[in-house]
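Survey of secondary and tertiary structure
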Amino acid sequence: MLPKPAPGTLSTMRILPLLPLVAFAATPALAQEKPSPTRLKADVEKLVSFGTRHTLSDPDHPTRGIGAARRWAMAELSKIGDACDCIDVANIARTFTGPRAPNGVNVVDVLGFQTGRNPKRVIIVMGHIDSRVTDVMDFTSDAPGANDDASGVALVIESARILSKERFDATIVYAIVSGEEQGLWGGQLLAETAKEKGWTVVAVLNNDIVGNTVGTDGKRVDRRVRVFSEGIRASEPLDAQLARRADGGEDDGPSRALAKAVDGVADTIPGGIDVFLDRRPDRFGRGGDHTPFLNLGYPAVRFSVGVENYDAQHQDLRTEGGKVFGDTVDRMDFNYLAKVTAINVATIRRLANAPDAPAKVKLIGALSSDTTVKWDAVPGAVKYRVHWRRNDAQNWTGSVDVTGTETVLKGVVVDDHFVGVSSISANGAESLVTFGGR
């Protein structure tokens, strides 16, 4: 049975000794390790074997239900942690009550902490462990939840297997959350914990439905993954939103900057897939566990497959008129899931090695044919990259590296160009880009 910490508390399941930082350098061979479709499939099959992982299912049964699934996930992360002496496994829990849990339910998130040189600077990769069938209140029927969202949980565990062999400046949190189908409660619990603990959240990578390539219409889409992100921040007060609008930064908020970084990282992976940069916070009229992070102002994106199969989402297992319904393992593509995992791993590796992005970038250039760019120094940055693009372009087209905290872009008219600045570490890792304004 899972321990039940007080609401909002952090319960550490294992404590590991800190190793000397000099022992933590990653080697090029490790950096090139690829996610394993075989391991991903085995993890998804194991999660499906628990019958149902509905949030309201039995938390104490040894082999069936949400509790058994969570205990297995904790054991997997602990096994990885034991091998590297670098991951602390913990859980956080709180009771939530709502229309989909009228009697209340204990929502438990399983977390693995790979502490970096800066314990408070955090990158979160997550998926939700709970599953459902057609009736969201049916917690007894088999709900395999292979793609939604055993795929995301398997991705998180596989990311931990690979990245645990390396060491980083930032802390990586491998998050397996619960309660998504009942109200995004696991995401809310983790986002509020991050705020309570004072974490500096660099990025949240939410992976939800990331393992199929055949859509409802039978068409295969296996060359892209969608990454959803907000432009104007949900957390920004009206005056800040109006200021961003005046500066033309609607497409360059922190979460959109994160999505663009993910897109750029994906382009560097040999044999990988494209990122379809979806310019809305989530699918039309829908939401995911990154939403509570957006509401609190943290940069967060959602990964989802290039095409969804709605016959395999939130469905009772059945066959009607020759059509098969249900979220089962046979409908997944594990080579594709491995490629989505590779994008997550590469993005985490870049951002966990990079300094923070500049807090604010100021532009001066009204009534001038040149643009002056200024920003505050960032700890750990050895140089900065100043990006620009014409106002009719979506992606940065030009850049220059500088070692100070000010530069003049000759011939770049501020009226017609957007400008942003990123920080660069000694090992060349680049932060997100901070959009420039007044």
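What comes next concerns the included structure. Sequence order sets the numbering: in each chain, residues are counted from 1 along the sequence as written. Side-chain atom pairs in this predicted model are given and counted only at pLDDT of 80 or more, local residue features only at pLDDT of at least 70, and totals for whole chains, interfaces and linings cover all residues. Only heavy atoms go into the side-chain values, all of them from the structure, while hydrogens and water stay out.

1. Considering the sheet that holds strand β12 (residues 361-364)
- The sheet built from 7 strands is open, its strands ordered β15-β14-β17-β18-β12-β13-β16 with mixed pairing. Each edge of the open sheet carries a strand with a single partner, namely β15 (398-402) and β16 (406-409). This sheet shows a mean twist of 25 degrees between the axes of neighbouring strands, independent of strand direction.
- Any two strands between which DSSP finds at least two bridges are classified as paired. Labels follow the DSSP assignment, with helices taken as runs of H or I lasting at least four residues and strands as runs of E lasting at least two, numbered in each case from the N terminus. As judged from the 2 bridges shared by strand β17 (residues 417-424) and strand β18 (residues 434-437), these two strands associate in the antiparallel manner. Bridge pairing in β18 links V421 to T434. Note on geometry: axes are C-alpha line fits, over the in-contact stretch for helices, and angles between N-to-C directions span 0 to 180 degrees.

2. Some words on the layout of surface pockets
- The definitions used throughout rest on a 1 Å grid laid over the protein atoms alone, on which a cavity is an enclosed set of points accommodating a 1.4 Å probe that cannot get out and a pocket is an open set flanked by protein within 12 Å on both sides along at least five of seven lines; lining residues are those having an atom within 4 Å of a point. Grid points are joined across faces, edges and corners, and a volume is the space filled by probe spheres set on the points. One number sums up the size of the largest pocket: a volume of about 800 Å³.
- If you list the elements that add at least two residues to the lining of the largest pocket, you get β6 (200-207), α7 (238-247), α8 (254-266) and β18.
- Within the lining of the largest pocket, the residues separate by chemical class into 20 nonpolar, 8 polar and 10 charged. Nonpolar residues are Ala, Val, Leu, Ile, Met, Phe, Trp, Tyr, Cys and Pro. Charged residues are Asp, Glu, Lys and Arg, and all others, Gly as well, are polar.

3. Some remarks on the state of the cysteines
- Cysteine sulfur atoms are paired as a disulfide whenever they fall within 2.5 Å. Within the structure shown, the criterion is met by 1 disulfide.
- In this model C84 forms its disulfide with C86; the gap between the sulfur atoms is 2.1 Å. Between C84 and C86, the S-S torsion sits near -90 degrees, and that sign places the bridge as left-handed. You'll find C84 and C86 in the same group, each marked buried. Partly exposed describes any residue whose relative accessible area lies between the buried limit of under 20% and the exposed limit of over 50%, with all areas from a 1.4 Å probe on protein chains only and scaled to the type maximum.

4. Some words on the environment of D251
- Note on placement: D251 falls in the loop between α7 and α8.
- You can call D251 buried: its relative accessible area is 16%.
- Put simply, D251 and L40 are 211 residues apart on the chain and 34 Å apart in space, counted from C-alpha to C-alpha.
- Should any heavy atoms of two residues lie within 4.5 Å, those residues are counted as being in contact. Filtering out sequence-adjacent residues up to four positions away, D251 remains in contact with R256, K260, R279, R389 and Q394.
- Counting of polar contacts relies on pairs of N or O atoms within 3.5 Å, with two restrictions inside protein: one atom must be capable of donating a hydrogen and the other of accepting it, and residues adjacent in sequence are counted only when both atoms are side-chain atoms. At a separation of 3.1 Å, a polar atom in the side chain of D251 contacts the side chain of K260.
- At a separation of 2.8 Å, a polar atom in the side chain of D251 contacts the side chain of R279.

5. Thoughts on unusual backbone geometry
- Omega for the bond connecting D148 with D149 falls within 30 degrees of zero, at 5 degrees, which places this linkage in the cis form.
- One can find D149 in helix α4 (residues 146-163).
- For I209, which is not glycine, the phi dihedral falls at a positive 70 degrees.
- Within the secondary structure layout, I209 lies in the loop between β6 and β7 (224-228).

6. So, the packing of helix α3 (residues 66-84) against α4
- Between α3 and α4, the shortest axis-to-axis distance is 9 Å and the interhelical angle comes to 10 degrees. Between α3 and α4, the angle falls in the class roughly parallel. On the side of α3, the interface is formed by W72, E76, L77 and I80, while α4 contributes I157, A160 and R161.
- For the contact of α3 with α4, the residue count by class is 5 nonpolar, no polar and 2 charged. Roughly parallel means an angle under 35 degrees; roughly antiparallel means over 145; roughly perpendicular covers 65 to 115; every other angle is labelled oblique.

7. Remarks on the pattern of salt bridges
- Salt bridge, as used here: a side-chain nitrogen of Lys or Arg that lies within 4 Å of a carboxyl oxygen of Asp or Glu. Enumeration according to the criterion identifies 34 salt bridges in this entry.
- The salt bridge involving E76 is made with R161; its shortest N-O contact spans 3.5 Å. You can see E76 sitting in helix α3 and its partner R161 sitting in helix α4, a full 85 residues away along the chain.
- Accessibility expressed as a relative area gives 14% for R161, which makes it buried.
- Its salt-bridge partner being R318, residue E320 comes within 2.8 Å of it at the nearest N-O pair.
- For E320, a relative accessible area of 44% gives the class partly exposed.

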